[in-house]
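Results of the structural survey
What follows is each chain in one-letter form.
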Amino acid sequence: MTETTETRTADPVATVSSTLLEARDLHVEFTSRGRRARAVDGVNLSLGAGEIVALVGESGCGKTTLARTLLGLERPTSGEVRYGGQPLKYGSKALKAYRRQVQLVLQDPTGSLNPRQTVYEAVAEGPRIHRMPDEAEVVNSALARAGLRPPERFLLRYPHELSGGQRQRVVIAGALALNPKVLVADEPVASLDASVRGEILALMLKLRDDLGLSALVVTHDLGLAWNIADRVAVMYLGRIVESGPVEQVLTAPRHPYTQALLSVLPESPERVVLTGEPPDPTRIPGGCRFHARCQILASGKAAEAGVDARCRGELLDILPASALSQAACHYADATG
Amino acid sequence: MTAPLETAEPAAAQAAAGPARLGTLRYALSKAGGALLSIGMVIVGTFFLFRLLPGDPVRNLAQGRNMTPEQLDLERHRLGLDLPLFDQFLNFIGQTLRFDLGASYEYKRPVLDLIGDRVGATLLLAGTSLVIAVSLGLWQGMRAGWRHGSRFDRFSTGTSLVLWSVPTFWLGLLLLLVFSSWFQWFPSRGIQDVDAPDGFGYVLDVAHHMVLPCIAMVGVLYAQYLLVMRSSLLDEVGQDYITTARAKGLRDDEVRKRHAVPNALLPTVTLVFMRIGFVVGGAVTVEAVFSWPGLGELFYAAIRVPDFTLMQGTFMLIAVSVILMNTLADVVYHILDPRVRSA
């Protein structure tokens, strides 16, 4: 799990000064069956140039909605997405220009490719939309950068003729063809075989090193976050509950939720199994949003520290977009 | 698509296109072989199917008139029904292979001529209805699926389902009652007036006669196109490649035009072709209600007699056209969908 950590070169604290993509007090709400679901419930997050940030959380925690909102595919209910210091505008021209900067890679490469388009057409679509010159040249170089060499061998293939890893490389090439500054990758390797996973991760790190590409990697896989990310943000029920440099957050987690997530990894000595209701974004509990399932509160440790009443009743501040290690937890605050 | 490809890598383009075209040809030939086999089985099946029907065709033809046994035997001999079954079978096969479907018992004319007289009217009515139903259904299904849950979606899906559930003959009678009896806007039967004018006036006259039967057929047909198009578009809209295309900066209506609709149209291809097959058979009910002189009405009349050779002939015609259209649908699908091509 540690072998790729040496390839990390960017200093996380230094890169945050040149923030590229930023979420400020972002809220996204949906109405489902008459009830309001607060999918993203106040998130501050920043992504520096050349930085890779992992957004970790269980399914349904709002991490995909956050990613879609950062891409401008979803409009925030309140708060704003900022790119290059400017708030994102949702006019069709402004969005189109934004698309050249921030690109998307989805989990399932089979679904991400139109089955009736050849590799060439799939990769050429972006350049064509944005009327980039020398389309064929752009496509060839994007395929080569995504590790499909020689590109000519793949141009006329259809997605179903490729392996899963090759397909994901085509999807990445389609994003790279626009020369973006940021990749938002939603579970980029979750549907791939273990052997292919490493290749795609190595590719993303190489793209960061060669092209200075930033990436927000959405995942439920802490091992993936460890391997690829400079910083990690742990999301629970629409809010980031802990964030910081990946070594600190994953080796010395402060939030009980992060501790529970880490404890179920195979190498962990003891296992914390969360009890209670699964999180429901239409009914976010008062106090700390995690208190109903918190193992620290349940075991009485919070009461020892004298914070159990605050856990149940006192709302926590929204974490700022900081590069330093921080956790939204009364117990962690009290015990240091 | 081919222009940039050839500039990029002409050799690879040709190498890939060659085998693909050959593969399609081989696929089409094998499908055609299968279709021929099916048609052969239809011919054999038709012979035995209609021999299994109860009743003596010669007695049915006599229709209660007093005939001596000698007269009946003579009639049997004339129709070739006195031969052993196996010889009858061989005669039938031989005739059919020479496109001779025999003479109608009732009309005393070659079945093929009778079909030839009627096929134009059926193709006109059913063809027009099919074109309208397909365009209307696909267009509404596309809009309904793209704006899923909108007022248009609920209204058009609801209307089409009601029309689909209504029995055809009832819809036809209702149309006749309202628009022919009460308002007297449209004629109630037939394809033309007795004193039909010539030239352009004739065309108008036929079109005038065709309005009501056409509405009845479209009303029944278009719902399935709407529903299939709607659900297949809904499937595509949920796909990741639609999101990816949006994230690349494609405008909403372009996403629909370039990605969602072309892929959603694939399942409807089969449906349309299968319907074309049935068109030749004509909509028996609609033709009967509106006395439309088409194949459907002919088939209906043949069943009432029963006129075996005529039934055999129309039955085989319908079966063969369905088989041919299915085969065509397979081949077209093969050309349109690269996934099927390599399977």
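Residues numbered from 1 in each chain as written. Chains lettered and ligands numbered in written order. Predicted model: local features only at pLDDT ≥ 70, side-chain atom pairs only at ≥ 80, totals over all residues. Heavy atoms only, no water.

**Section: the overall build of chain B**
Helices and strands together make up the secondary structure of chain B, namely 15 helices and zero strands. Relative to a compact globule of 343 residues, whose C-alpha radius of gyration would be 20 Å, chain B shows 25 Å and is clearly more extended. For chain B, the C-alpha atoms occupy an extent of roughly 85 × 60 × 40 Å along the three principal directions. In chain B, which comprises 343 residues, the share counted as buried stands at 43%. The long-range share in chain B, meaning contacts at least 24 apart out of those at least 6 apart in sequence, stands at 73%. If you sum the accessible surface of chain B, you get close to 18,000 Å²; carbon and sulfur atoms cover 65% of it. If you average the places of the 28 positive and of the 28 negative side-chain charges in chain B, the two averages end up 8 Å apart. (Helix = DSSP H or I, 4+ residues; strand = E, 2+ residues; numbered from the N terminus. Rg over C-alpha atoms; globule rule 2.2 N^0.38 Å. Buried < 20%, exposed > 50% of the residue type's maximum accessible area, 1.4 Å probe, protein only. Contact = heavy atoms within 4.5 Å. Areas by Shrake-Rupley, 256 points an atom, 1.4 Å probe, with all protein chains shown as cover. Lys, Arg positive; Asp, Glu negative; His and termini not counted. Charge placed at Lys NZ, Arg CZ, Asp CG, Glu CD.)

**Details of the nonpolar core**
Residues Val123(A), Leu143(A), Ile172(A) and Ile228(A) are the most contacted members of the largest nonpolar core, which totals 73 residues. If you tally residues by element for this core, the top one is helix α8 (residues 194–211) of chain A, at seven residues. Counting the residues that make up this core, at least three belong to each of domain 1 (18–229) and domain 2 (254–335) of chain A. Formed by 44 residues, the second largest nonpolar core is a distinct cluster that contains Leu130(B), Val206(B), Ala245(B) and Phe290(B). (Core = buried A, V, L, I, M, F, W, Y, C linked by side-chain atoms within 4.5 Å. Domains from an automatic or database assignment.)

**Thoughts on the environment of Ala309(A)**
Residue and element names in this part refer to chain A. Tracing the backbone shows Ala309 in helix α14 (residues 308–313). The exposed category is assigned to Ala309, whose relative accessible area is 56%. Separated by 115 residues in sequence, Ala309 and Ala194 place their C-alpha atoms 45 Å apart.

**What to know about the sheet that holds strand β4 (residues 78–83) of chain A**
The strands making up a sheet associate through backbone hydrogen bonding, with each pair oriented either parallel or antiparallel. Residues and elements named next belong to chain A. In spatial order, the strands read β2-β1-β4-β5; together these four strands make up an open sheet with antiparallel pairing. With one partner strand each, in any of the chains shown, β2 (35–48) and β5 (86–87) form the two edges of the open sheet. Sheet analysis places strand β1 (residues 19–32) next to β2, joined by 11 bridges and oriented antiparallel. Residue pairing for β2: Val28 is matched across the bridge by Val40. (Pairing = 2+ DSSP bridges.)

**A word on the sheet that holds strand β9 (residues 231–236) of chain A**
All names here are of chain A. Taking strand neighbours across the sheet as the criterion, the seven strands line up as β6-β7-β8-β3-β9-β10-β11 in an open arrangement whose pairing is mixed. Looking along the sheet, the strands with just one partner apiece sit at the ends: β6 (102–105) and β11 (326–327). Here strand β3 (residues 52–56) pairs with strand β8 (residues 214–219) via five bridges, running parallel. If you follow Val56 over to β8, its bridge partner there is Thr219. Packed on one face of the sheet, helix α7 (residues 164–176) meets β6 and β7 (182–186) and runs near 170 degrees to β6. Across the sheet, helix α11 (residues 256–263) lies against β3, β9 and β10 (239–245), angled at about 105 degrees from β9, the strand it touches most. (Axes fitted to C-alpha atoms, helices over the stretch in contact; angles between N-to-C directions.)

**What about the UniProt feature "transmembrane region" (unreviewed entry) in chain B?**
Residues and elements named next belong to chain B. Under the UniProt annotation, "transmembrane region" (unreviewed entry) lies at residues 35–53, 119–140, 161–186, 206–228, 264–290 and 310–336. From the first C-alpha to the last, residues 161–186 spans 26 Å; its make-up is 77% helix and 0% strand. Annotation note: span residues 310–336, helix share 100%, strand share 0%, distance between end C-alpha atoms 39 Å. (UniProt positions renumbered as here; feature names shortened; annotations may be inferred.)

**Points about a nonpolar patch on the surface**
A cluster of nonpolar residues, Phe169(B), Trp170(B), Leu173(B) and Leu174(B), forms a patch on the protein surface that exposes about 390 Å² of accessible area. Counting through the fold element by element, Leu173(B) comes out in helix α8 (residues 168–182). (Patch = residues over 30% accessible without salt bridge, like charges linked within 9 Å, V, L, I, M, F, W, Y side chains within 5 Å. Salt bridge = Lys/Arg side-chain N within 4 Å of Asp/Glu carboxyl O.)

**Points about the UniProt feature "domain: ABC transporter" (unreviewed entry) in chain A**
In the numbering used here, UniProt assigns the feature "domain: ABC transporter" (unreviewed entry) to residues 21–262 of chain A. Across residues 21–262 of chain A, the secondary structure splits into 39% helix and 28% strand, with the terminal C-alpha atoms separated by 28 Å.

**Some words on the pattern of salt bridges**
Residue and element names in this part refer to chain A. Following the criterion strictly, the structure yields 27 salt bridges over all chains and no others. For Asp221, the salt bridge goes to Arg197, with nearest N and O atoms at 3.8 Å. With Asp221 in the loop between β8 and α9 (222–228) and Arg197 in helix α8, this residue pair connects regions lying 24 residues apart in the sequence. Relative accessible area serves as the criterion here: at 25%, Asp221 is assigned to the partly exposed category. In this structure, Asp209 and Arg208 form a salt bridge, with 3.2 Å as the shortest nitrogen-oxygen distance. What makes Asp209 partly exposed here is its relative accessible area of 42%. Through salt bridges that share partners, Arg38, Asp41, Arg239 and Arg289 make up one connected network.

**Here we look at the domain arrangement of chain A**
Residues and elements named next belong to chain A. Looking at chain A, the domain boundaries give domain 1 (18–229) and domain 2 (254–335). Computed over C-alpha atoms, the centres of domain 1 and domain 2 are 30 Å apart. Opposite the 15 residues of domain 1 that make contact, domain 2 presents 16 residues. Around 1,300 Å² of area is buried between domain 1 and domain 2 when both sides are counted, 54% of it from carbon and sulfur atoms. Among the residues domain 1 hides against domain 2, the three largest losses belong to Asn44, Glu58 and Leu222. Together they make up 38% of the total. Here domain 1 and domain 2 share three salt bridges between them. Put simply, Arg35 and Asp280 hold a salt bridge, and the shortest N to O gap is 3.6 Å. Here domain 1 is connected to domain 2 by six residue pairs in polar contact (both at pLDDT 80 or more). Per element, the largest residue contribution to the side of domain 1 that touches domain 2 is nine residues, and it comes from β2. Partitioning the side of domain 1 that touches domain 2 into residue classes produces four nonpolar, five polar and six charged. (Buried area = accessible area lost by both parts, 1.4 Å probe. Polar contact = N/O pair within 3.5 Å; in protein donor to acceptor, adjacent residues only side chain to side chain. Nonpolar A, V, L, I, M, F, W, Y, C, P; charged D, E, K, R; others polar.)

**Here's the deal with the confidence of the model for chain B**
Residue and element names in this part refer to chain B. Averaged over all residues, the pLDDT of chain B is 83; the fraction at 70 or higher stands at 90%. Here helix α1 (residues 2–8) stands out as the element of chain B with the lowest mean pLDDT, 39, in contrast to helix α7 (residues 151–165), whose mean of 91 is the highest. Overall, residues 1–17 carries pLDDT values under 50, and its contacts beyond four positions in sequence, including any with other chains, amount to 17 contacts. (pLDDT = per-residue confidence, 0-100.)

**Brief notes about the interface of chain B and chain A**
Every contact between the two is made by 30 residues of chain B and, on the other side, 33 residues of chain A. Carbon and sulfur atoms supply 62% of the area buried between chain B and chain A, which totals about 2,700 Å² over both sides. Run the count over chain B and chain A and you get zero salt bridges. Counting every contact that joins chain B to chain A gives 10 residue pairs in polar contact (both at pLDDT 80 or more). Mapped by element, the contributors of at least two residues to the side of chain B that touches chain A are α1, α2 (10–52), α10 (240–247), α11 (252–281) and α15 (338–342) of chain B. In terms of residues, the side of chain B that touches chain A owes the most to one element, α10(B), which gives seven residues. Considered class by class, the residues forming the side of chain B that touches chain A number 15 nonpolar, seven polar and eight charged.

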